[in-house]
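Here are the chains, one letter per residue:
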Amino acid sequence: MANVGIVIVSHSEKVAEGAADMVRQMVGDAVPLAFTGGNSEGGLGTDVGRIMEAIDRAWSDAGVAVLVDLGGAETNTEMAIEMIDETKQQRIVICNAPIVEGAVIAATEASGGSPLDIVKQTAEELSPQ
Amino acid sequence: MNAPPLSKTSPVTGSALLTNAVGLHARPSVKLTQLAKTFSSVISVATDAAGPWIDAKSPVKIMRVKAPKGTTLYFEASGDDAADAIVALVDLVERRFDEADGDDHG
Amino acid sequence: MVMDVALKKALIEDCAKVITAHADELTSLDQAIGDGDHGVNMKRGFESLLADADALAARPLPDMLKAIGTQLVMKVGGASGPLYGTLFLSLAKEIGEAPNTENARAAFASAIEAVKARGKSEVGQKTMLDVLAPVLAAWDNRAGLAAHLSETARQAADATIPMKAIRGRASFLGDRSIGHMDPGARSSSLLIATIAKHFGA
């Protein structure tokens, strides 16, 4: 079974790219990883179409865990998930965790072959209960 | 602390001194949990032989240990591959997590 | 009633026209309390609908609404794209091919719930919901319903002026959001008035 994929969705492309760099350097190449940040005009924001593409790039049959930053990123990610093929929808989760730490931790968990619910649960251990 | 009853699956233990500059910080923590996850045994880590013991496969818990250079890490593993796990984990610490030591606080 | 292709096309064209004609106004409302992109974003989205009007109008009503919702999500962007997109995608699911006024009302009611869930917001927080919910509440069996709903939408948009924003970027302004009409409420009332015209308002 393939490892769970990780997607990073930030309002800022630089934040998203930087978080992805940290995942690659700290965790390695064992997990599918994609990021997106900024709106279609290159400003701060998130874009549903780009989020869908990022989920597609990081797609794994084991599912995809998405890390988001501020409110709109979550709203647009929820929207993107709803617009993706229904057979894939239940294999995509948004982790309630800080974006950078959450991405590293989720990827670490995923790199050991853990299933999607465990990847999400581990990332969410970071958040105050 | 009472000694646990002896059984044929009594845990394998080991220890190693943290000698890399940053200790058990983020990147070494990731490497440690990643390596631990490659074994089926239940593996715990502690900074004291008496515990408390922490799940070596939990990246969040291991990162919270924040053990500095000079700390001794104690390992305990139970399961079919426990001995291999302890050897590999002790080796990882003694290899300084394959980190290039410097001023890098990652 | 089955909506014929000509009516569907006219609805798309007129909605696009009214948004385009009011794009500057929506932008200035959004500059007062938001990030100033509502007019431009909505115009971009509705222009893309206009460009596709023939193909969209040729589809059965639920398919047309679904395509409109998808296109608005993709082209409007910002916070409004997903919210308007959700409204149309939800209408598409519920409305059926030949809705009567009761079917349309029920579909509108579930679309409002979908928008609330998407925006994690409620009525009274100075958003488009403060137009949509009063319109639903005013939707009864009276003669001249379209004109009644159109007027309700206009008044409801005006009623957002004294409200304090609690959701969205406007909420960062706190009390300073008071005194400006919500741009999403304005665009909703414009669209409702435009659609109502084709149903006798």
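> Which residues make up the overall build of chain A, and what are the values?
The helix and strand tally for chain A stands at six helices and four strands. In sequence order, chain A lays out its α and β elements as β-α-β-α-β-α-α-β-α-α. Against the compact-globule benchmark of 14 Å for 129 residues, chain A has a radius of gyration of 13 Å, which places it among compact chains. Considered along the principal axes of its C-alpha atoms, chain A spans approximately 40 × 30 × 30 Å. Burial status across chain A gives 55% buried among its 129 residues. For chain A, the proportion of contacts with a sequence separation of at least 24, taken over those separated by at least 6, is 74%.

> I'd like to hear about the interface of chain A and chain C, residue by residue, with values.
Contacts between chain A and chain C engage eleven residues on the former and eleven residues on the latter. Those elements that provide at least two residues to the side of chain A that touches chain C are α2 (48-57) and α3 (71-83) of chain A. Take the side of chain A that touches chain C: its biggest share by element is five residues, from α3(A). Looking at the side of chain A that touches chain C residue by residue, the class counts come to three nonpolar, seven polar and one charged.

> Describe the sheet that holds strand β2 (residues 42-46) of chain B, and please don't skip the residues or the numbers.
All names here are of chain B. Strand order in the open sheet formed by four strands is β1-β4-β2-β3, and the pairing between neighbours is antiparallel. A strand with exactly one partner marks an edge of an open sheet, and here the two such strands are β1 (12-17) and β3 (54-55). With five bridges connecting them, β2 and strand β4 (residues 72-78) associate as antiparallel partners. Pairing of Val 42 across the sheet is with Ser 78, part of β4. Along the sheet face, helix α3 (residues 82-94) touches β1, β2 and β4 and points at about 5° away from the line of β1.

> Could you give me a rundown of the environment of Val66(A), with the residues and numbers involved?
Residues and elements named next belong to chain A. When you line up the elements, Val 66 lands in strand β3 (residues 64-68). In the structure, Val 66 is positioned 33 residues away from Ile 99 in sequence and 9.1 Å away in space, judged by C-alpha atoms. Residues in contact with Val 66, not counting those within four places in the same chain, are Val 7, Val 9, Thr 77, Ile 92, Val 93, Ile 94 and Cys 95.

> I'd like a rundown of helix α3 (residues 38-51) of chain C, residues and numbers included.
Its 14 residues place the ends of α3(C) 20 Å apart at the C-alpha level, agreeing with the 20 Å of an ideal helix rising 1.5 Å per residue. For α3(C), every residue scored as buried is listed here: His38(C), Gly39(C), Asn41(C), Met42(C), Lys43(C), Arg44(C), Gly45(C) and Phe46(C).

> Account for unusual backbone geometry, naming residues and giving values.
Residues and elements named next belong to chain B. Pro 52 follows Gly 51 through a cis peptide bond whose omega is 5°. With respect to the helices and strands, Pro 52 occurs in the loop between β2 and β3. If you check the backbone angles, Lys 66 has positive phi at about 50° while not being a glycine. On the secondary structure map, Lys 66 appears in the loop between α2 (59-65) and β4.

> Quick rundown of the interface of chain B and chain A? Include the residues and the values.
Of the residues lining the interface, ten residues belong to chain B; the matching set on chain A comes to eleven residues. Contributing elements (two or more residues each) for the side of chain B that touches chain A: α1 (26-37) and α2 of chain B. Taken together, the residues of the side of chain B that touches chain A break down into four nonpolar, three polar and three charged.

> Go over the packing of helix α8 (residues 129-138) of chain C against helix α9 (residues 145-158) of chain C, please, and point to the residues and values.
Residues and elements named next belong to chain C. Between α8 and α9, the least distance of the axes is 8 Å, while the angle of their chain directions is 145°. The hand of the α8/α9 crossing is right-handed. In this structure, α8 uses Asp 130, Val 131, Pro 134, Val 135 and Ala 138 to contact α9, whose residues at the interface are His 148, Leu 149, Thr 152, Ala 153, Ala 156 and Ala 157. When the residues that make up the contact of α8 with α9 are grouped by side-chain class, the tally is eight nonpolar, two polar and one charged.

> So what's going on with helix α5 (residues 61-76) of chain C? Residues and values would help.
The terminal C-alpha atoms of α5(C), which comprises 16 residues, lie 21 Å apart, in line with the 22 Å expected from a rise of 1.5 Å per residue. Among all positions in α5(C), only Met64(C), Leu65(C), Ile68(C), Gly69(C), Gln71(C), Leu72(C), Val73(C), Lys75(C) and Val76(C) are buried. On its buried side, α5(C) packs onto α2 and α3 of chain A together with α1 (5-21), α3, α4 (53-57) and α6 (80-94) of chain C.

> Residue-level account of the packing of α1(B) against α3(B), with values.
All names here are of chain B. Between α1 and α3, the least distance of the axes is 10 Å, while the angle of their chain directions is 160°. Here α1 lies roughly antiparallel to α3, going by the angle between them. Note that α1 runs across α3; the crossing there is right-handed. Along the contact surface, α1 presents Lys 31, Leu 32, Leu 35 and Ala 36, while α3 presents Ala 88, Leu 89 and Leu 92. For the contact of α1 with α3, the residue count by class is six nonpolar, no polar and one charged.

> So what's going on with the nonpolar core? Which residues, and what values?
Counting residues in hydrophobic clusters, the biggest one holds 111 residues, and the most contacted among them are Ile6(A), Ile8(A), Ala65(A) and Ala106(A). The residues contacting Ile6(A), other than those within four sequence positions of it, are Val23(A), Val31(A), Leu33(A), Ala58(A), Ala65(A), Ala103(A), Ala106(A), Ala107(A) and Ala110(A).

> For the sheet that holds β3(A), give the residues involved together with the corresponding values.
All names here are of chain A. One open sheet accounts for four strands, arranged β2-β1-β3-β4; its pairing is parallel. Looking at strand neighbours, the two that pair on one side only are β2 (33-37) and β4 (92-95), the edges of this open sheet. Averaged over all pairs of adjacent strands, the angle between strand axes in this sheet comes to 20°, irrespective of strand direction. Relative to β2, strand β1 (residues 5-10) runs parallel, the two being bridged by five bridges. The partner of Ile 6 across the bridge, within β2, is Leu 33. Across the sheet, α2 lies against β1, β2, β3 and β4, angled at about 170° from β2, the strand it touches most.

Criteria and cut-off values
- Residues numbered from 1 in each chain as written.
- Chains lettered and ligands numbered in written order.
- Predicted model: local features only at pLDDT ≥ 70, side-chain atom pairs only at ≥ 80, totals over all residues.
- Helix = DSSP H or I, 4+ residues; strand = E, 2+ residues; numbered from the N terminus.
- Rg over C-alpha atoms; globule rule 2.2 N^0.38 Å.
- Buried ≥ 20, exposed ≤ 12 C-beta atoms within 10 Å, placed from the backbone.
- Contact = placed C-beta atoms within 7 Å.
- Nonpolar A, V, L, I, M, F, W, Y, C, P; charged D, E, K, R; others polar.
- Pairing = 2+ DSSP bridges.
- Axes fitted to C-alpha atoms, helices over the stretch in contact; angles between N-to-C directions.
- Expected span 1.5 Å × (residues − 1).
- Left-handed = near helix turned anticlockwise from the far one by under 90°.
- Parallel < 35°, antiparallel > 145°, perpendicular 65-115°, else oblique.
- Core = buried A, V, L, I, M, F, W, Y, C linked by C-beta atoms within 7 Å.

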